[in-house]
Amino acid sequence: MVAAKLNPQNGAAFRYLGHYYALVSPEPQRALKCYQRAVSLNPEDSDAGEAICDLLDEEGKESLVLAVCRGASEMSARAFWAFRRLGYLLAHQKKWSEAIQSLQYAIRGFPTCADLWETLGLAYQRMGMLTAALKSYARAVELDDSRVFSLIESGNISLMLSSFRKGIEQFQQALKISPHNVSAQYGLGSALLGLAKECVNLGALKWGSSLLEEASEVAMRGTSLAANFSCLWKLHGDIQLIYARCYTWTPTHADEISFSTSISTWKRNCFIAAKSSRRSYQRALHLAPWLANIYADVAIASDLCLSFKESPEEELNVWSVAEKMCIGGILLEGYNEEFWVALGCLSDHIPLKQHALIRGLQLDVSLAVAWAYLGKLYREEDEKQLAQQAFDSARSIEPSLALPWAGMSADASTRNIDQNEAYECCLRAIQTFPLAEFQVGLAKLALHSSYLSSSEVFGAIQQALLRVPDYPESHNLNGLVCESRSDYQSAITSYRLARCALKSFEDESSISHVTDVSINLARSLCMAGNASDAVEECEYLRQKGHLDSKGLQIYALCLWQLGKNDMALSMTRSLASSILLMEENDAAASISFICRLLYHISGQDSAIVSILKMPTELFHGSKISFIVSAIHVLDQKNQLEAIVSRSRSFVTSREDIIAMHILITLGKLLKNGHEDSLGIQKGVDHLRKALHMYPNSSVLRNLLSYLLLSSKEWRDLRLATRCSFLDLSEHPKDGGMKSACEILGAVTVACYESASNNEKFSIPICGHQQPFVSGSIKLLQKFLHQEPWNRNARYLLTLNCLQKAREERFPVHVCRVLERLTAVSLSNRCLSTEDTLSQYQNFQLLLCAAEVNLQQGNNNECSRLARSALGSSVHNSYLFFAHLLLCRAYAAEDDTVSLRKEYRRCLELGTDFHIGWICLKFIESRYGLQDDSTVLLSSFEDCSKDNQHSRHMWMALFNMVQGLVAIWFGDFVAAEELFAQACSLADGESCLFLCHGAICMELARQKCESQYISHAIRSLKKAKNTSPNCLPIVSLLLAQAEASLGSKSKWEINIHDEWFSWPPERKPAEILFQMHLLSTQRKDVYTSSSLDYGDTSIRWILRAIHTNPSCSRYWRFLLKDMSY
């Protein structure tokens, strides 16, 4: 007190004086005044502030506490105690927005206070700021891991955000702290239920069932803790209801007893779950009878129990439990349209169903669910027009509703929509709500389209099979889907299960269904190679009198597979006798089958004779036209020409016409070939005509590209890539047709003179040169990514990478890629089969790996791989290249003895490929291996006899190789003669004329004879004129030749042309030096051109020296110019 009198501004004195009056001498009023004085002097005094607030709070003066805190907070922004107390009070008063501001200020002063973070999270949550609330709760838990409230509220927010896995973790953590917390039990059960629904919607039924079992246990633990909480009983009822709907059937053996037992077990488990759900709902209703929605839940559970009950009791003229409970909910909330819709869905009385749905629409005309179920009701009553209108109304109101889309696909015939659109509508319904009935319907629609083997249909029917295993139709459709995917064993099992399921139906329609399933079973047995079992099935049907035309076809086919040709022909005659009584499609299929079977049993001639005896009106159809055309393709005598020409007029659809053109092309290939070769040119000519009619047909384009690739004309290779249809999304699924990516990859490898897009590695010199398609590797990589199992794609990618490595002189990074690709391809077990193509690919991959090792200097590994390639079962013409690679490996090791041995082995084996002899010629000349110089030349000429079109080109190449060899040995006269012969044989190849001109220039320099200058000028001019692009070096040599004859103007013109033939970044030093000479002679020439002649001669020579500083000639000219 003395201190306060001496210094009235000392807030601490008043604080301690307040403590005295509050604790020692209880005088609350004096204490309040002292604390108030201390706070007014120092608003940041938390002790005084908290003390005055506690005193006011004890007296129940909450408004005064708010006033004190507001005053202190307004006086100082660092009065954190005031902000904290104010935040708590505002949160208590549910003034969330104001509380957030105060709590944020308070956290600056107390960042480690878990209570503040928890309160802030609650405020954020009440304001709908869920992400911020989660962060605040997480911070509170981080500061104090025993915060159960933060964990529970975080879990509730995660459920609101559909983050069920995160919510499960949070609730489980809360239960570890407080095992008997009812809220945590309820939250964990809800989170597991939400995750289970998500799994069920995604098709993970078994995983969803296991989650529901865990959720049910959690909910029951909650009811044991708080048995009088209706929400817990309702949660348990929801869990059991979903469990009853998604509980999956366990597939069993395809015998009647096992199947019946498994179905009974599945139904019993579903019934128990549904019954448990109903009991839980009834318990919840007992605790809260005023909640109308629980009446609807009881109704749904009761209806589900009735559906799973094996022998339901029939009570006529009595309201069902489901109807009674729905009416109970309506009595409580008659204005709620959802209860009327529930009554309409669960009632068994048609008038009541219609009345309830219409009443629901009267309450809310935009209720899409009511419109959808009303459309379903009208469709069941065969009121198709009304059903269509109701479905359209539902879909326009709520496009995400599944039932209207399913109804649209079911009414495809009424709406005049095609099968593909109906399929898409049903698929959309399944994606929205994967109901088993919708999934079965999707498989039905896929039967009449090309989607039967798709993954969507397969996944849908597999899920439907687990949810409605008592439907025979689901097993039958599953068998058809498996059969379309070539999984015949699974199809056989499904058909047998379908027949077991049909045993429970004893009506007349089941007999026809059993017949259809038995025929399907026989067909799958036949396709799986079990012909004897298929014959037993067909014989059983024949004894019962249920063997139709399809069954007769299968019966005859199986008998033929078993070698019983006489019995097969007998069945064929029985089939033929009933053709006139069949429908058009069945008759066409039967005739096609008879023709094919006769062809295989009696041979081609017998089949043709039988066809000629048949009435011509039987061939009026596209299917039979294909069969007759296929036999006609193999007939060299053309006996079926008249029948084929008439039957082709019935081929009308675009796809069938394109397929017929392919068949005609095959006929051209076979009938116009000779010995072991095909008439490829005739096939190419026909495909070109067909492409004029169907230019966008990818199949025709790819087939034309494949034929061009198969020809031995290198001029056709560049056309192959232009014809192919490069679309990765539409590559053919049939293994017999090559995709555009495979064709492109093969073309890139097949062209020996392919050039890189990168100008650093190549310059185009040939008019027929196939430019390297820079995107071919990327396209093959995408293709391999789409089909990682496709060994052809990996094989072609490896060869393309090898081509790239050759052009770039085998850089290290490309070699590593090649090593990985070859290692993966060679480790593929498929390559170890006896298939010829696989053996050839294995051989090529071994050579590829050996080449990479040779380029990296691993000669021993190269030799080992090449010897491994010699063990492949391929033709000697291919083994030649393995020995050729061994020659190169031994040459690198200077092993002359082994080199000569492999060289002689190459001569003994021989090859049909010109490039092999050319490579061998280089090795022969380089290492002096020739014993008889005429042997290799004669072998090369024999290789060129078969193809007269490219014979001259190959002989020109061989003369070029001989000319290069002559240059190696310094015999330029012989080299000039050989290159002159090459130019005469291939007068359109600029590279040959360039080489000949360069050799003539060298001879002119050596012999000082002007005739060689004239020859050089003539050849260089031809090289310049025939080159498809502006070819570098040609104009420079031509300028030197013209200058030698004293033509200064022509020299200047050619120097000018040479300057523009080089890209700016690649101009060599010599052309810069020539520009130096030109600038010293005539600076006023080409003043109007784009050349920069402003540069002095000194600058030109400096640029040349900068490009090639090792040339002494440039330095001499620089000294000469500088001396002037």
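If you're wondering where the values come from, they're calculated on a predicted model, not measured in any experiment.

A. Seen up close, the overall build of the chain. A count of helices and strands for the chain gives 59 helices and zero strands. For 1124 residues, the compact-globule estimate of 2.2 N^0.38 gives 32 Å, and the C-alpha radius of gyration of the chain, at 45 Å, exceeds that figure by more than 25%. Counting all 1124 residues of the chain, 49% fall into the buried class. Restricting the contact set of the chain to residue pairs at least 6 apart, pairs at least 24 apart contribute 55%. Summed over all atoms, the accessible surface of the chain reaches about 55,700 Å², with 52% contributed by carbon and sulfur. Of the side-chain charges in the chain, 111 are positive and 121 negative, and the distance between the mean point of each set is 5 Å.

B. Inspection of helix 58 (residues 1097–1107) at higher detail. Of all the residues in helix 58, the buried ones are Ser 1097, Trp 1100, Ile 1101, Ala 1104 and Ile 1105. When helix 58 is viewed along its axis, its buried side chains cluster within an angular range of 135° and face the same direction.

C. Inspection of the pattern of salt bridges at higher detail. Evaluation of the coordinates by the stated rule reveals 26 salt bridges. With a closest N to O distance of 3.2 Å, Lys 921 and Glu 924 form a salt bridge. Separated by three residues within a single helix, Lys 921 and Glu 924 lie in helix 49 (residues 914–927), roughly one turn from each other. The buried category is assigned to Lys 921, whose relative accessible area is 11%. Under the relative-accessibility criterion, Glu 924 is labelled buried at 1%. Among the ionic contacts, a cluster of salt bridges with common partners joins Glu 50, Asp 54, Arg 84 and Arg 85.

D. Summary view of the side chain of Ser 302. Note that Ser 302 resides in helix 16 (residues 292–308). At 2.8 Å, the side chain of Ser 302 and the backbone oxygen of Val 298 are in polar contact.

E. Molecular detail of the packing of helix 7 (residues 96–109) against helix 8 (residues 114–126). Orientation of helix 7 relative to helix 8, taken along the N-to-C sense of each, is 150°, at an axis distance of 9 Å. The orientation of helix 7 relative to helix 8 falls into the category roughly antiparallel. Handedness of the crossing formed by helix 7 with helix 8: left-handed. Taken together, the residues of helix 8 that come into contact with helix 7 (itself represented by Trp 96, Ile 100, Leu 103, Gln 104, Ala 106 and Ile 107) are Leu 116, Trp 117, Thr 119, Leu 120, Leu 122, Ala 123, Tyr 124 and Arg 126. The residue makeup of the contact of helix 7 with helix 8, split by class, is eleven nonpolar, two polar and one charged.

F. Highlighting the packing of aromatic side chains. Under the defined criterion, the tally for this structure stands at 15 aromatic pairs. Ring centres 5.3 Å apart and planes at 50° place the aromatic pair Phe 880 and Trp 917 in the tilted group. Taken together, the positions of Phe 880 in helix 47 (residues 876–892) and Trp 917 in helix 49 put the pair 37 residues apart, joining distant regions of the chain. Through successive ring pairs, a cluster of aromatic residues spans Tyr 840, Tyr 878, Phe 880, Phe 881, Phe 913 and Trp 917. Over the face of the ring belonging to Phe 110 we find Arg 84, whose NZ or CZ atom lies 4.2 Å from the ring centre. Of note, Arg 395 hangs over the ring of Trp 405, and the distance from its end group to the ring centre comes to 5.3 Å.

G. Just the environment of Lys 94, in detail. Following the sequence through the fold, Lys 94 ends up in the loop between helix 6 (80–92) and helix 7. Between the C-alpha atom of Lys 94 and that of Asn 842, which follows or precedes it by 748 residues, the distance is 77 Å.

H. Region of the structure containing the packing of helix 37 (residues 654–671) against helix 39 (residues 698–710). Contact geometry of helix 37 with helix 39 gives a least axis separation of 10 Å together with a crossing angle of 15°. When the axis of helix 37 is compared with that of helix 39, the two are roughly parallel. By crossing handedness, the relation of helix 37 to helix 39 is classed as right-handed. Packed against helix 37, whose contacting residues are Ile 658, His 661, Ile 662, Thr 665 and Leu 669, the element helix 39 presents Val 699, Leu 700, Leu 703 and Leu 707 at the interface.

I. Expanded view of the environment of Asp 987. The residue Asp 987 is located in the loop between helix 52 (972–985) and helix 53 (990–1007) in this model. By relative accessible area, Asp 987 is classed as exposed at 58%. Separated by 35 residues in the primary sequence, Asp 987 and Lys 1022 have C-alpha atoms spaced 8.7 Å apart. Asp 987 has contacts with Phe 993 and Thr 1026, leaving out every residue within four places of it along the chain.

Each value, and the rule that gives it
Residues numbered from 1 in each chain as written. Predicted model: local features only at pLDDT ≥ 70, side-chain atom pairs only at ≥ 80, totals over all residues. Heavy atoms only, no water. Helix = DSSP H or I, 4+ residues; strand = E, 2+ residues; numbered from the N terminus. Rg over C-alpha atoms; globule rule 2.2 N^0.38 Å. Buried < 20%, exposed > 50% of the residue type's maximum accessible area, 1.4 Å probe, protein only. Contact = heavy atoms within 4.5 Å. Areas by Shrake-Rupley, 256 points an atom, 1.4 Å probe, with all protein chains shown as cover. Lys, Arg positive; Asp, Glu negative; His and termini not counted. Charge placed at Lys NZ, Arg CZ, Asp CG, Glu CD. Arc of directions from axis to C-beta. Salt bridge = Lys/Arg side-chain N within 4 Å of Asp/Glu carboxyl O. Polar contact = N/O pair within 3.5 Å; in protein donor to acceptor, adjacent residues only side chain to side chain. Axes fitted to C-alpha atoms, helices over the stretch in contact; angles between N-to-C directions. Parallel < 35°, antiparallel > 145°, perpendicular 65-115°, else oblique. Left-handed = near helix turned anticlockwise from the far one by under 90°. Nonpolar A, V, L, I, M, F, W, Y, C, P; charged D, E, K, R; others polar. Phe/Tyr/Trp six-rings, centres within 6.5 Å; stacked < 30°, edge-to-face > 60°. Lys NZ or Arg CZ within 6 Å of the ring centre and 35° of its normal.

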